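Structure at a glance
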Amino acid sequence: MSDIPKGDAQAPGQASAQALGQASAQALGQASAQASAQVSCRASDRHSGVRRAFVASLTGTALEWYDFAVYSAAAALVFGDLFFPSEDPLTGTLLAFSTYAVGYVSRPLGGFVFGRLGDVIGRKKVLIATLVLIGVATFLIGVLPAYSSVGVAAPIALVVLRFAQGVGVGGEWGGAVLLSSEFGDPRRRGFYASAAQVGPPAGNLLANGVLAALGALLTEAQFEAWGWRVAFLFSGVLVAFGLWIRAKLEETPVFKAMEAEHSRPEAPIREVFTTQPRALLAAILCRVGPDVLYAMFTVFVLTYATQELGMSRGSALAAVLIGSSIQVFLMPLAGALSDRVDRRVLYGGAAVAAGVWPFVFFPMIGGGTWLPLAAGVVVGLVIHCCLYGPQAAFIAEQFAPRLRYTGSSLAYTLAGIIGGAVAPLLFTTLLSAYGTWAPLAVYIALASAVSLVGVCLGRGPEAAADEDAALAAPAADTVPTRL
């Protein structure tokens, strides 16, 4: 044994140490790979959740605004004769637009009821309920008999169903904004929240496209007799599709964190009014200008072009159709732009442009030709994109996370009363009283000035991002960086 070299005697010990080291390294490698796989899986799940939420927010609001836009277009084109017969066509249109306003006046009820529930029981459940409510109301409008068949019961039923539509929309918007933005990166809130903002132009595009197709395929008598009903009945299919998408979603991470911390509010409406009055005022005022501008370039422009300029219904609808199709693509771009520049500066600049453009628009369409009308509508809706695209993020970030659904819904619905609700009615009244476009332009300019005040009162995105980060930190999954 003494003849065995010393180095050879230590070889078994060295081999054991090497084997142990290799096993340890292999175990560490496997653990690291598992941790990396878990991180990758979580990242993949987050990205998948963000995409689903973005699509659900966009699709749901588009379907609901399809319902709303079909009513708006029908009020401008056929409801005056069918439900409010009068010797004066302008009077019939005025009464039809009064029911249009009912849909805005009822929104605060939806904001109060569904906004509160969204902060208490969750975003997803409320958004399914609002979609069903609007879909059922719109479908029933499609089978409603006219005044000539049942008399005064027809306009009464129309007002009731319009009221139900407004309640649903009042609870929808705030939740749709949070659905996409609370899944996404707070630093890109402008882009993610814009998913809900694409809904109105997409719904308006679909609604006016369906109405334009029906108008082209049917005679005037056929369209007024039954053709307009097809657009309302079609909403049943669209709402079923929207429900299928939303049912697959999970609750938002922000609300899950609120549940984990037991920080859900007990009386969110009271808290918003007592603890965040400036935020509520800023959010309300910022909406007025865009609402009035949108009512002009998607609703009242149909009446003005047909009754004042003598243009055909199809050509007026085509102009709105083109503008809305451009908005579908520009809206998220405007939201993304507001993430790169100061959101308030972009909003303020667009409000100034909104106040100036009507003074250019009306003189340029005075000749009654289609090209200037289409160009004017497109420019007006592009300006609206720069307001409406960042608007969802601006309003949501005014409120603390635990009050965000309630605050956003209240701001959206209360602003609708003084903005979009009365806009078509005031446009019609001003035109009837003065017989010229100048008061209409002044009205839009004043509404834009109100929005400018709201922007100045609001806060920037940094505070909201910090609040979201503070809420998410305790509930965040921890992944070891060293093993």
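Remember, predicted model here, so these are calculated numbers, not experimental data.

**Examining the packing of helix 14 (residues 313–340) against helix 17 (residues 370–396)**
In the contact formed by helix 14 and helix 17, the axes pass within 7 Å of each other and the chain directions differ by 30°. Judged by the inter-axis angle, helix 14 sits roughly parallel to helix 17. With respect to the hand of their crossing, helix 14 and helix 17 are arranged in right-handed fashion. Grouping the amino acids of the contact of helix 14 with helix 17 by side-chain chemistry returns 20 nonpolar, 8 polar and no charged.

**Thoughts on the pattern of salt bridges**
Between side chains of opposite charge, a pair can form when the charged atoms approach closely. One pass over the structure, following the stated rule, counts 8 salt bridges. Across the pair Arg246 and Glu172 runs a salt bridge, and its minimum N-O distance is 2.7 Å. Pair noted here: Arg246 is in helix 10 (residues 235–247) and Glu172 is in helix 7 (residues 153–181), with a separation of 74 residues, a long-range link. Put simply, Asp291 and Arg287 hold a salt bridge, and the shortest N to O gap is 2.8 Å. With Asp291 and Arg287 both in helix 13 (residues 277–308) and 4 residues apart, the pair spans about one turn of that helix. Like Arg287, Asp291 is buried. In this structure, a network of salt bridges that share partners links the residues Arg189, Asp339, Arg343 and Glu397.

**Side note on the environment of Ala319**
Tracing the sequence through the fold places Ala319 in helix 14. Sequence separation between Ala319 and Leu373 is 54 residues, and the spatial gap between their C-alpha atoms is 6.8 Å. Other than its neighbours up to four places away in sequence, Ala319 contacts Trp370, Leu373, Ala374 and Val377.

Criteria and cut-off values
- Residues numbered from 1 in each chain as written.
- Predicted model: local features only at pLDDT ≥ 70, side-chain atom pairs only at ≥ 80, totals over all residues.
- Heavy atoms only, no water.
- Axes fitted to C-alpha atoms, helices over the stretch in contact; angles between N-to-C directions.
- Helix = DSSP H or I, 4+ residues; strand = E, 2+ residues; numbered from the N terminus.
- Parallel < 35°, antiparallel > 145°, perpendicular 65-115°, else oblique.
- Left-handed = near helix turned anticlockwise from the far one by under 90°.
- Nonpolar A, V, L, I, M, F, W, Y, C, P; charged D, E, K, R; others polar.
- Salt bridge = Lys/Arg side-chain N within 4 Å of Asp/Glu carboxyl O.
- Buried < 20%, exposed > 50% of the residue type's maximum accessible area, 1.4 Å probe, protein only.
- Contact = heavy atoms within 4.5 Å.

Keep in mind that these numbers describe shape and distance, not what the molecule does.
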